[in-house]
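Inside the fold
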Amino acid sequence: MSEDFRLDMGAPWLNLLATRGRHFGAQPVERIPTVERLRDWLAVSELTPLAPATYADVRAAHQLREVLRELALGAVDGLPPDAGQVSTLTPFLNTEPVHLAALDRLHRSAPATAADALGRLAHQAADWLTGPLRHDLRACPEHDCRGVFADPGGRRRWCPAPACASRGRVRALRERRRAES
């Protein structure tokens with residue numbers, strides 16, 4: 001179920017961006033094309049809604065993902081957001097409040113709908129993009145990836161995907177060998 005989801009980007013909202021792999025490549029990989037896959041992704045993200053997800057929720061997840069991708073890459077690249085991006089994100093922020101319970105550990109209420117689950121991701125992203133955590137964001141330098149990930153130590157060059165780091169290292173080695181010749 002979850003083995004092909006990227007859950008290593010540093011935060012659930014960043015993991016949402018990774019539900020479309022190789023985004024800038026010739027053959028992007030869509031990891032939530034159906035209601036069932038959205039349901040699975042929400043489950044592994046601990047955001048299972050009480051009501052069943054619909055195909056409209058899949059479209060909304062794609063819309064949220066793409067506006068967050070634009071905003072996150074803009075933050076990484078030092079570009080200001082535009083009003084269209086903000087107006088696309090704003091409706092996702094109008095969701096029900098989260099209720100907490102002290103049980104065996106701290107628990108939060110389940111989102112009532114998939115829209116509420118997406119709203120929680122939108123709030124998390126807005127907090128990151130408007131606060132000090134925005135400085136921890138990095139984008140993979142691989143031209144077909146550009147995956148946004150959290151790098152609080154500032155030491156990573158590539159996203160967590162092993163393929164990106166391997167391709168980057170091989171390319172750097174070839175360039176060094178060419179320069180030596």
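Scroll up to find the structure.
Summarised in this report is the structure supplied together with it. Every chain is numbered independently, its residues counted from 1 as its sequence is written. In keeping with the predicted nature of the model, local features appear solely for residues at pLDDT of at least 70, side-chain atom pairs appear and are counted solely at 80 or more, and the whole-chain, interface and lining totals rest on all residues. Side-chain figures throughout are based on the complete set of non-hydrogen atoms in the structure, without hydrogens or water.

A separate point is the overall build of the protein. Under the scheme used here, helices are H or I runs from DSSP no shorter than 4 residues and strands are E runs no shorter than 2 residues, and both carry numbers assigned from the N terminus. What the protein contains, in helices and strands, is six helices and six strands. The secondary structure elements of the protein, listed N-terminal to C-terminal, are α-β-β-α-α-α-β-β-α-β-β-α. Taken over the C-alpha atoms alone, the protein extends approximately 65 × 40 × 35 Å along its principal axes. Throughout this description, buried means an accessible area under 20% of the type-specific maximum (1.4 Å probe, protein chains only), exposed means over 50%, and partly exposed covers the range between. Considering the protein as a whole, with its 181 residues, one finds that 40% of them fall into the buried category. Any two residues having at least one pair of non-hydrogen atoms within 4.5 Å are treated as being in contact. Considering only intrachain contacts with a sequence separation of at least 6, the fraction spanning at least 24 residues in the protein is 57%. Method for areas: the Shrake-Rupley scheme with a 1.4 Å probe, in which residue coverage is limited to the protein chains shown. Carbon and sulfur atoms form 56% of the exposed surface of the protein, whose accessible area is close to 10200 Å². In this tally, Asp and Glu contribute negative charge and Lys and Arg positive charge; neither His nor the terminal groups of the chain are included. Note that the charge is assigned to NZ on lysines, CZ on arginines, CG on aspartates and CD on glutamates. For the protein, the distance from the average site of its 25 positive side-chain charges to the average site of its 22 negative ones is 8 Å.

With that settled, the discussion passes to helix α2 (residues 35–44). An α-helical segment advances 3.6 residues per turn. Residues three or four places apart therefore align on the same side. Among all positions in α2, only Arg 37, Leu 38, Asp 40, Trp 41 and Leu 42 are buried. The elements touched by buried residues of α2 are α1 (12–17), α3 (55–77) and α5 (114–130). Just beyond α2, the residue with positive phi is Glu 46, at close to 60 degrees.

A few words on the environment of Leu 42. Checked against the element boundaries, Leu 42 lands in helix α2. Along the sequence, Leu 42 and Ser 181 sit 139 residues apart, while their C-alpha atoms lie 52 Å from each other. The contacts of Leu 42, once residues within four sequence positions are left out, are Leu 47, Thr 48, Pro 49, Ala 114 and Ala 117.

Let us look at the environment of Pro 33. The topology assignment puts Pro 33 in the loop between β2 (29–30) and α2. When the C-alpha atoms of Pro 33 and Asp 127 are compared, they prove to be 27 Å apart, with 94 residues separating the residues in sequence. Setting aside residues up to four positions removed in sequence, Pro 33 forms contacts with Tyr 55 and Val 58.

Moving on to the side chain of Glu 142. Take Glu 142: it is sitting in the loop between β5 (137–139) and β6 (148–150). Look at Glu 142 and you get buried, because its relative accessible area is 1%. Filtering out sequence-adjacent residues up to four positions away, Glu 142 remains in contact with Trp 158, Cys 164, Arg 167, Gly 168 and Arg 171.

One can find Asp 144 in the loop between β5 and β6. With sequence-adjacent residues up to four places away left out, Asp 144 is seen in contact with Arg 22, His 23, Phe 24, Gly 25 and Arg 167.

Once that is clear, we can look at the nonpolar core. In terms of nonpolar packing, the biggest core is built from 45 residues, with Trp 13, Leu 14, Leu 64, Leu 68 and Cys 159 touching the most fellow members. Those elements that place two or more of their residues in this core are α1, α2, α3, α5, β5, β6 and α6 (162–180). Top element by residues in this core is α3. It accounts for nine residues. If we ignore the near neighbours within four places in the chain, the residues touching Leu 68 are Trp 13, Leu 16, Leu 17, Leu 89 and Ala 125. Buried residues of nine kinds, namely Ala, Val, Leu, Ile, Met, Phe, Trp, Tyr and Cys, make up a nonpolar core once their side-chain atoms join them within 4.5 Å.

The next thing to look at is a positive patch on the surface. On the surface, a cluster of positive charge is made up of Arg 174, Arg 176, Arg 177 and Arg 178. You can see Arg 176 is positioned in helix α6. A patch is a set of surface residues, each over 30% in relative accessible area and not in a salt bridge, joined within 9 Å for like charges and within 5 Å for the nonpolar side chains Val, Leu, Ile, Met, Phe, Trp and Tyr. Salt bridge, as used here, is a side-chain nitrogen of Lys or Arg placed within 4 Å of a carboxyl oxygen of Asp or Glu.

A few words now on a nonpolar patch on the surface. A surface patch of nonpolar side chains, about 300 Å² in accessible area, is lined by Val 98, Leu 100 and Leu 106. Looking at the secondary structure, you find Val 98 in the loop between α4 (83–89) and β3 (100–102). Judged by its relative accessible area of 42%, Val 98 is partly exposed.

In this section: the packing of aromatic side chains. Side-chain rings of Phe, Tyr and Trp (the six-membered ring for Trp) are treated as a pair once their centres are within 6.5 Å; stacked means planes under 30 degrees apart, edge-to-face means over 60, and tilted covers the remaining angles. By the definition in use, this model includes one aromatic pair. Relative to Trp 128, the ring of Trp 13 has its centre 6.1 Å away and its plane inclined at 65 degrees; by these criteria the two rings are edge-to-face. In this pair, Trp 13 is assigned in helix α1 and Trp 128 in helix α5, connecting sequence segments 115 residues apart.

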